[in-house]
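Fold and contact review
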Amino acid sequence: MMGLSRIQSFGDARAAARRRLPWMVFDYIDGAAGTGHGEALNLAAIRDIRLQPRILVNVEHRNLGVQVFDHAAKIPFGISPMGMCNLSAPGADLMLARMAAKHQTPVGVSTVASTSLETMIEVAEGHAWFQLYFSGDGSGTTRLIERAEAAGYRTLVMTLDVPEVGRRPRELRRGFKMPFKIGPLQFIDFALHPVWSLSTLAKGRPDMANFTEPGFGFDRTASRAAADWGFLERLRERWKGNLVVKGVTSAEDAVRLKEVGVDAIQVSSHGGRQLDACPPPILALSQIRQALGEGFPLFYDTGMRSGEDVVRAYAMGADFVFFGRAMLYAIAAGGEQGLTHFTRILTEEISLTLAQIGRVDMTGLPDTLAGS
Ligand SMILES: Cc1cc2nc3c(=O)[nH]c(=O)nc-3n(C[C@H](O)[C@H](O)[C@H](O)COP(=O)(O)O)c2cc1C
């Protein structure tokens with residue numbers, strides 16, 4: 001394992017992950033829809049956000065804690081739900097769950113997680129949110145809701161930006177599937193990445209752990225195109241806990257979601273993995289905040305790469321943000337120590353950024369936008 005001191009940024013973690021992971025796995029995690037231009041535009045839009053430095057404000061005592069629903073998170077970011085995290089390293093899901101427990105922050109547990117939803121909430125000491133995909137006939141959706149309820153989940157994240165899985169050429173070229181098959185291409189790929197192959201495949205091929213019951217499966221490429229507003233209204237009736245809708249970039253949709261009675265909206269373009277032509281979600285965030293007004297819980301993910309990015313997203317109107325790929329790269333680069341190290345970097349960066357802009361906590365950050 002490389003010296004962690006050499007990992008000081010998202011770019012360092014990504015480069016280390018790229019060296020270590022088989023091409024198929026790296027391209028599954030790193031890939032985006034179409035040409036990747038949509039993802040790049042959003043990253044550029046985030047970088048372009050300017051925060052105004054201030055002087056002579058006493059910022060000696062800074063607090064990164066944030067209230068999410070009725071819960072006090074110790075850090076202002078969580079982990080977005082991601083399928084098959086254990087491809088980044090054996091036990092990656094559990095590392096994320098332990099991080100969530102330590103910082104009392106939510107870890108998203110994907111429908112297609114590589115560890116069961118029951119184990120995840122236990123290891124996360126309750127700090128887990130279950131992420132649901134709509135299943136065509138509804139039966140799979142109902143079964144997963146029942147299991148999430150029985151396991152003690154209090155927050156359901158309904159991902160609605162996947163009516164069909166986006167075309168991600170990089171993973172398609174590598175022949176990535178869930179569960180993946182080992183053909184000649186993958187055989188060569190794995191042979192050229194022996195450290196990953198010996199550690200990961202020796203522990204058994206990572207699989208979709210929520211679907212081990214006979215007759216209860218999940219087809220990642222199945223159409224979810226039949227989900228409509230009626231479905232969401234029924235879900236709102238059915239799920240009494242917090243309901244978050246993830247994958248929103250339209251202010252019109254956001255206003256209607258609020259009317260339907262969801263508890264929060266997660267602005268996201270799925271990390272640029274669904275529609276290359278999608279407008280930058282970081283800009284949509286600010287429009288949606290304006291459309292919904294103050295006070296309605298608005299979360300954000302996509303393109304978060306640093307602590308400064310977290311502060312930028314709060315400045316654009318977010319009440320909480322989530323990291324995706326960055327966490328998997330930190331784990332691929334350095335295992336659980338890598339994750340702890342990278343999380344520390346992020347919290348330090350957030351704290352330093354607050355000091356620079358004359359703030360001691362995460363409130364009122366829209367006022368810190370330069371020129372506001
Ligand atoms: C490898 C990978 C798997 C993902 N799987 C899911 C998933 O199962 N459910 C979901 O709602 N979002 C999924 N996402 C999207 C993330 O939750 C999140 O929206 C995105 O990664 C944020 O962008 P970022 O990676 O630039 O931080 C996945 C993303 C990645 C990179």
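Below you will find a few notes about this structure.

What counts as what
Residues numbered from 1 in each chain as written. Predicted model: local features only at pLDDT ≥ 70, side-chain atom pairs only at ≥ 80, totals over all residues. Heavy atoms only, no water. Buried < 20%, exposed > 50% of the residue type's maximum accessible area, 1.4 Å probe, protein only. Helix = DSSP H or I, 4+ residues; strand = E, 2+ residues; numbered from the N terminus. Pairing = 2+ DSSP bridges. Right-handed = clockwise from strand over helix to strand, strands pointing away. 1 Å grid on protein atoms, 1.4 Å probe; cavity = no way out; pocket = protein on both sides within 12 Å on 5 of 7 lines; lining within 4 Å. Points joined across faces, edges and corners; volume = space filled by probe spheres on them. Nonpolar A, V, L, I, M, F, W, Y, C, P; charged D, E, K, R; others polar.

1. What to know about the pairing of strand β5 (residues 128–132)
Buried residues dominate β5, accounting for five of its five residues. Residues of β5 alternate between two faces, with Ala 128, Phe 130 and Leu 132 on one and Trp 129 and Gln 131 on the opposite face, all of them buried. Note that strand β4 (residues 107–109) and β5 share three bridges and pair parallel. Residue pairing in the sheet places Val 109 in a bridge with Phe 130 of β5. In this fold, β4 hands off to helix α5 (residues 117–123), which returns the chain to β5; that crossover is right-handed. Both β5 and strand β6 (residues 155–159) contribute to a ladder of three bridges, which runs parallel. Counted as the bridge partner of Phe 130 is Leu 156 from β6.

2. A few points about the pairing of strand β7 (residues 242–248)
Burial analysis of β7 places seven of its seven residues in the buried class, the great majority of the element. Bridge count for β6 against β7 is five bridges, and the pairing is parallel. By the bridge assignment for β7, Leu 156 is matched with Leu 243. Taken together, the four bridges between β7 and strand β8 (residues 264–267) define a ladder with parallel strand orientation.

3. Side note on empty space enclosed by the protein
Summed over the entire model, instances satisfying the criterion amount to three cavities of 30 Å³ or more. Of the volumes computed, that of the largest cavity is approximately 490 Å³. Around the largest cavity sit 34 residues that line it, and Pro 81, Met 82, Gly 83, His 270 and Arg 273 are the ones nearest its centre. Of all elements in the fold, only α2 (23–30), β10 (320–323) and α14 (325–356) reach the threshold of two or more residues within the lining of the largest cavity. Split by residue class, the lining of the largest cavity holds 14 nonpolar, 12 polar and eight charged.

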